[in-house]
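# Results of the structural survey
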Amino acid sequence: MSRSAIVLSRTRPLGHPLRRGTPLSRYGDLFHRRSFGSFLAAGALQLAAPSAVLVTLLYGIAFAYPNVAAPDRTSYVALALAFLGLSSAIPTLASAFFSGALADRSNRGQWMRTVNLISILAMVGLAADLVYAPGSRVPVPGPAGFYLPLWVLLLYPSWAVVTMTTTFFRPAFNTSVPRVVEPQELGVANGLIYSVAAGASLAATLVVGILLTVAPFAYSLSVAFVLFFATQIALLGVGADLSVVRKTPPRSVLKEANAGFSYLFRHRALLELTIVGLVVNFLSALALVEVALYIQSWLGLSTGFWYGAMIAVLTAGSAVGFLLISRVHFEHRAGRVVILLTFLMGVCLVVFGLVRSIWLALPIIFVYGLMPGMFTTVFLSTIQATVPDEVMGRVFSADEVGSYALVPVGQFSGGLLVLALGVQGTYLAAGGAIVVFAVVLAATFGALRALGYRPPRPAEPDPEAALGG
């Protein structure tokens, strides 16, 4: 990839010209696009649902050892959370490797519907486990006397399926965005889609927190089930053609998956962008998986409401970040924006580890949430604007292997780090590492600093046509 900004030449017409005006008018233009409303709803709901599942699982595991003394309980919970991350690490990595190849060889709309149905089946398995909640104890290697309740052990495979379906869904969905909006609308469209997803996730986590407080544990899974089911309905309403535009015939899935990695390694700036995602996602997951334990042992709070509130505020920050970044003309300096956001994320985690009041922790985690929202919009828009359609899914997939697939590994490592450094030490170490990494990026990642693209200017209305001339 050239060190200079990329000039985007794709100008496929999709409908009326994009009007220049207020942010509300730009969002209104998007909804005039064919199928955009259904497409947005499908992506937002499918992407929001796993967070509602995870809130339920993390909370349940955090309180899965009520009869164990406090020092041992912290160790047991940390290890059980670590195993939750580990249970999905290998399946997520495997599905990430093939997800783009599968998205690039079929009708992406049909593929997303199939993946969503598998998500629904996984929810049925989770609900059955929590309803019956077998109470047997399964000895597991670890500290003396450590065990997993059988119902916790049985959560792991169903959670692995949920994370796999999310990994299969993302490349197919993200590669479809340029099929429903114009190139110059990518930043606004991605920001709006993922802001709605974050808003749906926020609402879902609040409802989950309330249900965890006032109803039996299993009832909280109904929130994610409704989101997955609504996704299927929205996907059926997408009328746009989402079939893959290919110039080459399909090959084996393995060869096609390797083509995505080959493309990524030939374009240094995109490779460096993937490395940033790898490191930041790993270190962030390492810290954020311990939020339930942070509230319980560091802040001294023990109700599901505060945990739901913390996750909801984090999600609200992400939603605002998705919308804010679309107001900034980041396209031609995308790489430098990514470096700045990485630095600010690290600072927020360090500060988060220094406070011991929920009223300080909540605004800090809101500010932290702004950064991933902005980062994701910049990343998605840059890939969508610069990578050919027939290989775009595989490029997203290659990034998934390098970045998202390490999130479960970060969750597993977070449990081990808490055992070694405690809750505060975990946040200080993770945040400090991100800050140092951002400085290294600014000093050494030259291709990333130069990464950017220039979308075509919006089409101007024809005054003669407007007058009927």
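The shown structure was predicted, so the numbers you read here are calculated from the model rather than taken from an experiment.

## Focus on the overall build of the protein chain
Helix and strand counts for the protein chain stand at 17 helices and 4 strands. Within the protein chain, the fraction of its 469 residues that count as buried is 58%. Summing over all exposed atoms, the protein chain offers an accessible surface of approximately 18,200 Å²; the carbon and sulfur share of this is 69%.

## Description of helix 3 (residues 70-103)
The end-to-end C-alpha distance of helix 3, which contains 34 residues, comes to 48 Å, matching closely the 50 Å that a straight helix rising 1.5 Å per residue would cover. Along its length, helix 3 reaches its greatest deviation from straightness, about 30°, at Ala-89, and the proline Pro-91 lies no more than four positions downstream.

## Side note on the pattern of salt bridges
Using the criterion set out here, one finds 3 salt bridges in the structure. Here Arg-108 and Asp-104 are joined by a salt bridge, their closest N and O atoms 2.7 Å apart. Per residue, the accessibility class of Arg-108 equals that of Asp-104, and both read buried. With a shortest N-O distance of 3.0 Å, Arg-268 and Glu-272 are connected by a salt bridge. With Arg-268 and Glu-272 both in helix 9 (residues 268-288) and 4 residues apart, this pair spans about one turn of that helix. Through salt bridges with shared partners, one network takes in Asp-104, Arg-108 and Arg-394.

## Focus on the packing of aromatic side chains
Scanning all chains against the criterion turns up 15 aromatic pairs. Judged by centre distance (5.8 Å) and plane angle (15°), the ring pair of Phe-169 and Phe-173 falls under stacked. Note that Phe-169 and Phe-173 are positioned in helix 5 (residues 150-176) at a spacing of 4 residues, about one turn of the helix. Site record: aromatic cluster; members linked through ring pairs are Tyr-76, Phe-83, Phe-146 and Tyr-147. Between Arg-356 and the ring centre of Trp-298, over which it is positioned, the NZ or CZ distance is 3.7 Å.

## Details of a nonpolar patch on the surface
Side chains of Leu-340, Phe-343, Leu-344, Val-347, Val-351 and Val-439 sit close together on the surface and give an oily, nonpolar patch of about 450 Å² of accessible area. It is helix 12 (residues 334-352) that provides the largest number of residues to the nonpolar patch, a total of 5 residues. Within the element layout of this structure, Leu-344 appears in helix 12.

## Thoughts on the side chain of Thr-163
Relative to the assigned elements, Thr-163 resides in helix 5. The exposure class of Thr-163 is buried, given its relative accessible area of 13%. Those residues in contact with Thr-163 that lie beyond four places of it in its chain are Ser-88 and Thr-92.

## Focus on the nonpolar core
Residues Phe-36, Tyr-65, Tyr-294, Tyr-307 and Met-310 are the most contacted members of the largest nonpolar core, which totals 153 residues. When residues no more than four places from it in sequence are discounted, the contact partners of Phe-36 are Leu-30, Phe-31, Val-180, Val-181, Ala-189, Leu-192 and Ile-193.

## Details of the packing of helix 12 against helix 13 (residues 358-386)
Contact pair helix 12 / helix 13: the axes reach a minimum separation of 9 Å and the direction vectors enclose 160°. As far as their axial angle goes, helix 13 and helix 12 are roughly antiparallel. In this structure, helix 12 meets helix 13 at a crossing whose hand is left-handed. Residues Ala-334, Val-337, Val-338, Leu-341, Thr-342, Leu-344, Met-345, Cys-348, Leu-349, Val-351 and Phe-352 of helix 12 pack against Ala-361, Ile-364, Ile-365, Val-367, Tyr-368, Met-371, Pro-372, Met-374, Phe-375, Val-378 and Thr-382 of helix 13. Split by residue class, the contact of helix 12 with helix 13 holds 20 nonpolar, 2 polar and no charged.

## As for the side chain of Gln-384
One can find Gln-384 in helix 13. For Gln-384, a relative accessible area of 0% puts it in the buried group. Separated by 2.7 Å, the side chains of Gln-384 and Asn-190 make a polar contact.

## Considerations on helix 4 (residues 108-132)
If you check helix 4, its first and last C-alpha atoms are 37 Å apart, about what 25 residues at 1.5 Å a residue would give, namely 36 Å. Where helix 4 begins, the capping side chain belongs to Asn-107, and its oxygen is found 2.9 Å from the backbone nitrogen of Gly-109. Phi for Ala-133, located one or two positions after helix 4, is positive at around 40°.

## Some words on the confidence of the model for the protein chain
Here the protein chain averages 81 in pLDDT, while 89% of its residues score no lower than 70. The least confident element of the protein chain, judged by mean pLDDT, is strand 1 (residues 6-7) at 35; the most confident is helix 7 (residues 221-236) at 94. The model gives residues 1-21 a pLDDT under 50, and that stretch makes 60 contacts with residues more than four places away or in other chains. With pLDDT under 50 throughout, residues 461-469 is counted as low confidence; its partners more than four residues away or in other chains account for 1 contact.

## Here we look at the packing of helix 2 (residues 36-62) against helix 7
Where helix 2 meets helix 7, the axes come as close as 8 Å, and the angle between the chain directions of the two elements is 160°. Accordingly, the angle class assigned to the pair helix 2 and helix 7 is roughly antiparallel. In this structure, helix 2 meets helix 7 at a crossing whose hand is left-handed. Listed contacts from helix 7 to Ser-38, Ala-41, Ala-42, Leu-45, Gln-46, Ala-48, Ala-49, Pro-50, Ala-52, Val-53 and Thr-56 of helix 2 are Leu-221, Val-223, Ala-224, Leu-227, Phe-228, Ala-230, Thr-231, Ala-234 and Leu-235. Taken together, the residues of the contact of helix 2 with helix 7 break down into 16 nonpolar, 4 polar and no charged.

Analysis parameters
- Residues numbered from 1 in each chain as written.
- Predicted model: local features only at pLDDT ≥ 70, side-chain atom pairs only at ≥ 80, totals over all residues.
- Heavy atoms only, no water.
- Helix = DSSP H or I, 4+ residues; strand = E, 2+ residues; numbered from the N terminus.
- Buried < 20%, exposed > 50% of the residue type's maximum accessible area, 1.4 Å probe, protein only.
- Areas by Shrake-Rupley, 256 points an atom, 1.4 Å probe, with all protein chains shown as cover.
- Expected span 1.5 Å × (residues − 1).
- Bend = angle between axes of the 7 residues up to and from the residue.
- Salt bridge = Lys/Arg side-chain N within 4 Å of Asp/Glu carboxyl O.
- Phe/Tyr/Trp six-rings, centres within 6.5 Å; stacked < 30°, edge-to-face > 60°.
- Lys NZ or Arg CZ within 6 Å of the ring centre and 35° of its normal.
- Patch = residues over 30% accessible without salt bridge, like charges linked within 9 Å, V, L, I, M, F, W, Y side chains within 5 Å.
- Contact = heavy atoms within 4.5 Å.
- Core = buried A, V, L, I, M, F, W, Y, C linked by side-chain atoms within 4.5 Å.
- Axes fitted to C-alpha atoms, helices over the stretch in contact; angles between N-to-C directions.
- Parallel < 35°, antiparallel > 145°, perpendicular 65-115°, else oblique.
- Left-handed = near helix turned anticlockwise from the far one by under 90°.
- Nonpolar A, V, L, I, M, F, W, Y, C, P; charged D, E, K, R; others polar.
- Polar contact = N/O pair within 3.5 Å; in protein donor to acceptor, adjacent residues only side chain to side chain.
- pLDDT = per-residue confidence, 0-100.

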